[in-house]
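As a plain string of letters, each chain reads:
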Amino acid sequence: MDDAATVRLYHTSLLREAGFEVAEAANGLEAVEAAMIDSYDLFVVDVNMPKMNGYTCVETLRSETVGTAAPVLMISTEDRPGDADRAYQAGANLYLVKPVSAERLVRVATMLTTGKGPDA
C-alpha cells in the first residue's frame with residue numbers, strides 16, 4: 001500500500017516478477033478492509049497514506065478485530081529519529097527508508113514470507 005500510484009505500481013511489478021501474487025490498496029483503510037475479508041502472506045505499507053496512515057493501519061491489522069499475524073514491511077521516506085521505533089511499536093516487522101532497491105525489496109519480501117535468506 002502506498003498513496004502514490006507510481007510507487008505502488010513499481011513495487012507491484014517487482015514483486016509480481018519475483019513470483020508473488022499481489023493485491024493493491026490505495027490507502028490504509030482499504031488494506032484493513034481487505035485483510036478482514038482475505039488472508040495475506042505479507043503487507044507492504046507506507047507511513048503516509050490518506051484515510052489511515054501506515055502506523056494506524058499496522059496497529060489495526062494487529063488488533064483483535066483483524067488479528068493478522070502476516071509480516072508487515074513498512075517502507076517510507078520518513079527518516080527522522082523515532083520513525084522506525086514507532087513502526088515497530090505499531091507491529092511492523094521491518095522498516096525501510098525509500099528509495100529501496102528492487103533487489104532489496106524482493107530479498108526482504110522473500111525473507112519475511114519464507115523465513116529464508118538470500119542463499120537458501
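Definitions and cut-offs
- Within any chain, residue numbers begin from 1 and follow the written order of that chain's sequence.
- Local features are withheld for residues below a pLDDT of 70 in this predicted model, meaning they are given only at 70 or higher, and side-chain atom pairs are given and counted only at 80 or more; totals for whole chains, interfaces and linings count all residues.
- Side-chain numbers here rest on the full set of heavy atoms in the structure, without hydrogens or water.
- Helix and strand labels come from DSSP, where a helix needs a run of H or I of at least four residues and a strand needs a run of E of at least two; each type is numbered from the N terminus.
- Just to be clear, the radius of gyration here is over C-alpha atoms, and the globule rule we use is 2.2 Å times residues to the power 0.38.
- The classification of residues rests on relative accessible area computed with a 1.4 Å probe and restricted to protein chains. Under 20% of the type maximum is buried, over 50% is exposed, and intermediate values are partly exposed.
- The contact rule is simple, with two residues in contact once any of their heavy atoms fall within 4.5 Å.
- With residues, only the protein chains shown are counted as cover, and all accessible areas are computed by Shrake-Rupley using a 1.4 Å probe.
- Residues scored as charged are limited to Lys and Arg (positive) and Asp and Glu (negative), so that His and the chain ends carry no count.
- For charged residues, the charge sits on one atom: NZ in Lys, CZ in Arg, CG in Asp, CD in Glu.
- Cavity: a set of points on a 1 Å grid over the protein atoms alone where a 1.4 Å probe fits but cannot get out. Pocket: an open set with protein on both sides within 12 Å along at least five of seven lines, its lining residues, like those of a cavity, having an atom within 4 Å of a point.
- Grid points are joined across faces, edges and corners, and a volume is the space filled by probe spheres set on the points.
- When residue character is reported, Ala, Val, Leu, Ile, Met, Phe, Trp, Tyr, Cys and Pro are called nonpolar, Asp, Glu, Lys and Arg charged, and the others, Gly included, polar.
- Salt bridge, as used here: a side-chain nitrogen of Lys or Arg that lies within 4 Å of a carboxyl oxygen of Asp or Glu.

This part takes up the overall build of the chain. Along its length, the chain carries five helices and three strands. Listing the helices and strands of the chain from first to last along the sequence gives α-α-β-α-β-α-β-α. Rg of the C-alpha trace for the chain: 13 Å, near the compact-globule value of 14 Å for 120 residues, within the 12% margin. With the principal axes as the frame, the chain shows a C-alpha extent of 35 × 35 × 25 Å. Per-residue burial over the chain gives 40% buried out of 120 residues. If you take every contact in the chain between residues at least 6 apart in sequence, the share linking residues at least 24 apart comes to 55%. Split by element, the accessible area of the chain, about 6,800 Å² in all, is 49% carbon and sulfur. Taking the average place of the 10 positive charges on the side chains of the chain and the average place of its 18 negative ones, the gap between the two points comes to 2 Å.

On to the environment of Thr110. Inspection of the secondary structure assignment puts Thr110 in helix α5 (residues 102-114). Counting along the chain gives 48 residues from Thr110 to Arg62, while the straight-line C-alpha distance between them is 21 Å. Excluding residues that lie within four positions of it along the chain, Thr110 makes contacts with Phe20, Gly115 and Lys116.

Turning next to unusual backbone geometry. Each neighbour pair has its own omega, and for Lys98 with Pro99 the value is 0 degrees, a cis peptide bond. Relative to the helices and strands, Pro99 resides in the loop between β3 (94-97) and α5. Here Lys51, not a glycine, exhibits a phi torsion of approximately 70 degrees, which is positive. On the basis of relative accessible area, Lys51 is assigned to the exposed category, the value being 71%.

Our focus in this paragraph is the layout of surface pockets. Of the voids in this model, the largest pocket is the one considered here, and its volume is about 590 Å³. Along its surface, the largest pocket is lined by 24 residues, and Glu21, Val22, Ala23, Tyr40 and Leu42 are the ones closest to its centre. Of all elements in the fold, only α1 (5-17), α2 (28-37) and β1 (43-45) reach the threshold of two or more residues within the lining of the largest pocket. Broken down by element, the lining of the largest pocket gets its largest block of residues, four residues, from α1. Of the residues contributing to the lining of the largest pocket, the split by class is 14 nonpolar, four polar and six charged.

Per the stated rule, a full pass over the model turns up five salt bridges. Note that Glu24 is salt-bridged to Arg8, the shortest N-O span being 3.4 Å. Of the two residues, Glu24 is situated in the loop between α1 and α2 and Arg8 in helix α1; the sequence distance between them amounts to 16 residues. The exposure class of Glu24 is partly exposed, given its relative accessible area of 44%. A salt bridge links Arg80 to Asp83, with the shortest nitrogen-to-oxygen separation between them at 3.6 Å. Among the ionic contacts, a cluster of salt bridges with common partners joins Glu78, Arg80 and Asp83.

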